[in-house]
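Notes for the structure review
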Amino acid sequence: MPRISYVNGQYVTHSEAAVHIEDRGYQFADGVYEVCEIRHSYIVDITRHLDRLHRSLSELRIAAPMSRAAMVHVIRETVRRNKVKNGLFYMQVTRGVARRDHVFPAEGTKPSIVITAKSTDASVIAKKNANGIKAVTVSDNRWDRVDIKTVGLLPNVMARQQAKEAGAQEAIYVDRDGFVTEGAATNVWFVDADGTLVTRPAEHGILKGITRTTLLDVGAKLGLKVAERKFTVAEMLAAREVFITAATSICFPVVSIDGQTIANGHPGSVSQNIREAFFDVAEKIAI
């Protein structure tokens, strides 16, 4: 069965899906996106994802391409047409198509929207959870507004490539003051010697991850002590556990950073307990 994508009002075969060469997302990275998990035929945390999407659009002064109700309908229909039971959908909204110019196009230019959906291999995720992943630290060289989920991801691409070439699966950004910010595509957490779950505050300098937000709810349900504060690489390396979170993976334990083994080099119990409780706490809507 061919994959189906939604592009500006039409459901089209994925291999034939296209946008105009003067779409501002293509030429200026002038757009935003969201990625949302589909699990057991439920879309996970869609309300928080769409809240963040609309915040990102507002911050960039891009009009919403349709009402929220219509957007939810199209998302569900795209997922259904692709018969995705476990996987993800990706949604991208740009400022639209206009003659190339750095300033905004004329008022009334219609935003572009693309939605895709695909199944994922649960065995790959299970293997990473069982074995843990490796990470490297890199200098945070991104623009100041990383709280907006834009499609301008070149620094993230370069960081992930650096991680891959080092035999790792994630790059962890460190700011100019030596504090950890976040991963190239994840939020970062650790468990300290007292059992406190620590992550950086999301007011500035990181993206307010949706999985991160729901995980705070999970932590409360599990009775975990949580601290949102800045922390150094040294603190992270000395932790009992380190893990990263994202919508498509929930949480992956990190067992090595910059070649240094974390704790005993095996995934810890806190990340496992969080992962097992996550789906029960998260919002779910049926496809």
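Preceding this section is the structure that the text describes.
The text that follows walks through the structure, step by step, so that each part is easy to find. (Residues numbered from 1 in each chain as written. Predicted model: local features only at pLDDT ≥ 70, side-chain atom pairs only at ≥ 80, totals over all residues. Heavy atoms only, no water.)

Description of the packing of helix α6 (residues 210-222) against helix α8 (residues 269-281)
Put simply, α6 and α8 touch, their axes get as near as 9 Å, and they point 105° apart. In terms of axis orientation, α6 runs roughly perpendicular to α8. The residues of α8 that touch α6, namely those facing T211, T214, L215, D217, V218, K221 and L222, are N273, I274, A277, F278, D280 and V281. The residue inventory of the contact of α6 with α8, partitioned by class, reads 7 nonpolar, 3 polar and 3 charged. (Axes fitted to C-alpha atoms, helices over the stretch in contact; angles between N-to-C directions. Helix = DSSP H or I, 4+ residues; strand = E, 2+ residues; numbered from the N terminus. Parallel < 35°, antiparallel > 145°, perpendicular 65-115°, else oblique. Contact = heavy atoms within 4.5 Å. Nonpolar A, V, L, I, M, F, W, Y, C, P; charged D, E, K, R; others polar.)

Side note on the packing of aromatic side chains
Counting across every chain of the model gives 5 aromatic pairs. Judged by centre distance (6.4 Å) and plane angle (65°), the ring pair of Y42 and F279 falls under edge-to-face. Remark: F279 occurs in helix α8 and Y42 occurs in strand β4 (residues 42-44); sequence separation between them is 237 residues. Overall, the relative accessible area of 13% leaves F279 in the buried class. Each ring, one from F190 and one from F231, has its centre 4.9 Å from the other, and the planes form 70°; the classification is edge-to-face. Here F231 lies in the loop between β12 (226-228) and α7 (233-237) and F190 lies in strand β10 (residues 187-191), a separation of 41 residues in the sequence. Summarising the burial analysis for this pair, F190 and F231 share the class buried. Over the ring of Y11 we find R81; its NZ or CZ atom is 3.9 Å from the centre of that ring. (Phe/Tyr/Trp six-rings, centres within 6.5 Å; stacked < 30°, edge-to-face > 60°. Buried < 20%, exposed > 50% of the residue type's maximum accessible area, 1.4 Å probe, protein only. Lys NZ or Arg CZ within 6 Å of the ring centre and 35° of its normal.)

Some points on the pattern of salt bridges
On inspection of all chains with the given rule, the structure shows 16 salt bridges. D140 is paired through a salt bridge with R142; the nearest N and O atoms lie 2.8 Å apart. In this structure D140 comes out as partly exposed when scored by relative accessible area, which is 24%. Here R142 ties to E182 by a salt bridge, and the two come within 2.8 Å at their closest N and O atoms. Residue R142 is located in the loop between β7 (133-139) and α5 (154-165), and its partner E182 is located in strand β9 (residues 180-183); the two are separated by 40 residues in the primary sequence. The exposure classification of R142 matches that of E182, with both residues buried. Shared partners join several salt bridges into a network, and the residues in it are R55, E59, R145 and D147. (Salt bridge = Lys/Arg side-chain N within 4 Å of Asp/Glu carboxyl O.)

Comments concerning the environment of A63
Tracing the backbone shows A63 in the loop between α2 (46-60) and α3 (68-81). Exposure remark for A63: the relative accessible area of 47% places this residue in the partly exposed category. A C-alpha to C-alpha distance of 9.1 Å links A63 and G108, two positions 45 residues apart in sequence.

Quick look at a nonpolar patch on the surface
Taken together, the side chains of L154, V157 and M158 present a nonpolar region at the surface, about 320 Å² in accessible area. Within the secondary structure, L154 sits in helix α5. Judged by its relative accessible area of 58%, L154 is exposed. (Patch = residues over 30% accessible without salt bridge, like charges linked within 9 Å, V, L, I, M, F, W, Y side chains within 5 Å. Areas by Shrake-Rupley, 256 points an atom, 1.4 Å probe, with all protein chains shown as cover.)

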